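# Geometric and topological summary
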Amino acid sequence: LTIGMAMKFFNLDPYSQSLTIHVAGAAHSETLQARVTDMDELSHMFPGHQGMEVVMVGPEVVEGKAMRPPLSGFGPTGRTYISGYKGLYHQFWEDVVEKEEAAKPDLVVGFHPGMDVFVCTVFI
């Protein structure tokens, strides 16, 4: 829901284009036992969207069924694709995004453990 609120706050329109969202600071609590349907609430918030990809990035990301490689292109229309990268965000950017092996983000959401506030930054 935090991601959906950030999309609305920054006026990102998932109906006009496919969106890529990076979750920086993801940990085992977000990725342990993760399922490919865990982000379906975004699809319910924006029915009929053009496709979304949520990339979980963090040194504590747990490898599992839902932690697939990031997409280099558009996400699947009407679906939310979850992927992951185990490492620090700057490593992910240098090793994957700059080499065009993953799409550049439309939104980066940073979660800080122990805080009840969300921090969001939009890359243009």
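These lines cover the structure that appears in this document, whether it is placed above or below.

The rules behind the values
Residues numbered from 1 in each chain as written. Predicted model: local features only at pLDDT ≥ 70, side-chain atom pairs only at ≥ 80, totals over all residues. Heavy atoms only, no water. Buried < 20%, exposed > 50% of the residue type's maximum accessible area, 1.4 Å probe, protein only. Helix = DSSP H or I, 4+ residues; strand = E, 2+ residues; numbered from the N terminus. Arc of directions from axis to C-beta.

The subject of this paragraph is helix H1 (residues 2-9). Residues of H1 that are buried: Ile-3, Gly-4, Ala-6 and Met-7. An end-on view of H1 places all buried positions within 160° of arc, on one side of the element. Facing away from the buried surface of H1 by more than 90 degrees, the exposed residues are Lys-8 and Phe-9. Positive backbone phi, approximately 55°, marks Asn-11, located one or two places after H1.

Positioned with a positive phi, Asn-11 is a non-glycine residue whose angle comes to about 55°. Tracing the backbone through its elements, the reader meets Asn-11 in the loop between H1 and strand E1 (19-24). Phi is positive for Glu-100, close to 60°, though the residue is something other than glycine. Take Glu-100: it is sitting in the loop between helix H4 (89-97) and strand E4 (107-110). Since its relative accessible area comes to 66%, Glu-100 is described here as exposed.

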